[in-house]
Amino acid sequence: MLVLVAPGQGSQTPGFLTEWLELPGAADRVAAWSDAIGLDLAHYGTKADADEIRDTAVAQPLLVAAGLLSASALGDIAPGAVAGHSVGEITAAALSGVLDDAAALSLVRKRGLAMADAAAITETGMAALLGGDSEVTVPHLEKLGLTPANINGGGQIVAAGTMEQIAALEADKPEGVRRVVPLKVAGAFHTHHMGPAVETLAEAAKALAPADPKVAYVSNKDGRAVASGAEVLERLVGQVANPVRWDLCMETFKELGVTALLELCPGGTLTGLAKRALPGVTTLALKTPADLDAARELVAEHAA
């Protein structure tokens, strides 16, 4: 059984879309998306520097566009399940048929702008904790006023809060944590700091008509496979101010009998977590079009 996953914010790097735009029809498709949402995706995916694509309002639509573009390059495939990490859940919603590509890009553009506005209210950030045990780490974070915003499994938790709280964490690591690594994001996502963005997204969601997913859609909220398109959309709205439980998503992959995990562009982060948490599962990250042949072989062997 194949699970198709889409990465979240922080996985983008300068120029990562360049080679993908050389595929037949890709540049035209991205140009149409850019016109529709009022953002030059090709420019940001090929020429912008790291600071420019760190901007939440840019990074989020860029990541969804990259995920959809790389998925389409695979051709028609039949994964057993789809999931996305944070903003990658919007990519997964499109891949599962809950939203069409246009609706997904429209929603993520509004999400990115709303979260950027929320992040501007207070200077906040996120940091990954490498190592440690969640039973020790989570209470320590709460003591410092931080939120365990991403519980990723594989020994990784991401903390979020004010920059002062992040600095306090770097000076006072939980027992067992080897390193605290600041992330390339511009706010404390998946915390109460994103409350204003929830209201904006709830209003935007009223204009959408979600379909029920055609394949299992595994949700960040609790790792549950959600069968209702309306519920998927409701979860996408609330997700911006609540923790990502990727650890529970991977537990559900196990229960579903996953044998292979394929991560869409810009892949790497989720395959790294899967290698630690899903032993025996074949993993592959789609980083450039050079990975497509290997990905198609994986799909042929593991997809229904």
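For the structure, see preceding data.
Residues numbered from 1 in each chain as written. Predicted model: local features only at pLDDT ≥ 70, side-chain atom pairs only at ≥ 80, totals over all residues. Heavy atoms only, no water.

Which parts of the structure should I look at to understand helix 7 (residues 134–143)?
Every α-helix carries 3.6 residues per turn, so stepping three or four residues along brings you back to the same face. Those residues of helix 7 that fall on the buried side of the exposure criterion are Thr137, Val138, His140 and Leu141. Seen from one end, helix 7 has its buried residues packed into an arc of 165°, which puts them on one side. In helix 7, the exposed positions angled more than 90 degrees off the buried face are occupied by Glu135, Glu142 and Lys143. Looking at the buried side of helix 7, the elements it contacts are strand 3 (124–131), strand 4 (147–153), strand 5 (156–162), helix 8 (163–171) and strand 6 (177–182). The opening residue of helix 7, the one whose side-chain oxygen lies 2.8 Å from the backbone nitrogen of Glu135, is Asp133. Looking one or two residues past helix 7, Gly145 carries a phi angle of roughly 85°, positive in sign. (Buried < 20%, exposed > 50% of the residue type's maximum accessible area, 1.4 Å probe, protein only. Helix = DSSP H or I, 4+ residues; strand = E, 2+ residues; numbered from the N terminus. Arc of directions from axis to C-beta. Contact = heavy atoms within 4.5 Å. Polar contact = N/O pair within 3.5 Å; in protein donor to acceptor, adjacent residues only side chain to side chain.)

Even after reading the chapter, I still don't get the sheet that holds strand 9 (residues 260–263), so can you show me in this structure?
In a beta sheet, neighbouring strands pair by backbone hydrogen bonds and run either parallel or antiparallel. Spatial strand order, 8-7-2-1-9-10: 6 strands in an open sheet with mixed pairing. Of all the strands in the sheet, the pair left with one neighbour each is strand 8 (225–226) and strand 10 (282–285). Sheet topology note: the strand 1 (residues 2–6)/strand 9 ladder contains 4 bridges and is parallel. Within the sheet, the bridge partner assigned to Val5 lies in strand 9 and is Glu263. (Pairing = 2+ DSSP bridges.)

When you look at the side chain of Asn150 in this model, what are you seeing that I'm missing?
Here Asn150 shows up in strand 4. Beyond its immediate stretch of four places on either side in the chain, Asn150 contacts His85, Met126, Gln156, Ile157, Val158, His190 and Val244.

I keep staring at unusual backbone geometry and nothing clicks. Help me out?
Glycine aside, negative phi is the norm for most residues, and most peptide bonds take the trans geometry. The step from Cys265 to Pro266 runs through a cis peptide bond, and the omega angle for that step is -5°. Examined against the element boundaries, Pro266 turns out to sit in the loop between strand 9 and helix 12 (269–277). Unlike most non-glycine residues, Ser86 shows phi in positive territory, near 60°. Relative to the helices and strands, Ser86 is located in the loop between strand 2 (81–84) and helix 5 (88–95). Even without being a glycine, His190 presents a positive backbone phi close to 65°. Within the element layout of this structure, His190 appears in the loop between strand 6 and helix 9 (195–205).

How do you make sense of the packing of aromatic side chains when you look at a structure like this?
Pairs of aromatic rings are described using the distance from one ring centre to the other and the angle between the two planes. Under the defined criterion, the tally for this structure stands at 1 aromatic pair. Taken together, a centroid distance of 5.8 Å and an interplanar angle of 80° make the contact between Trp246 and Phe253 edge-to-face. Of the two residues, Trp246 and Phe253, both sit in the buried class. (Phe/Tyr/Trp six-rings, centres within 6.5 Å; stacked < 30°, edge-to-face > 60°.)

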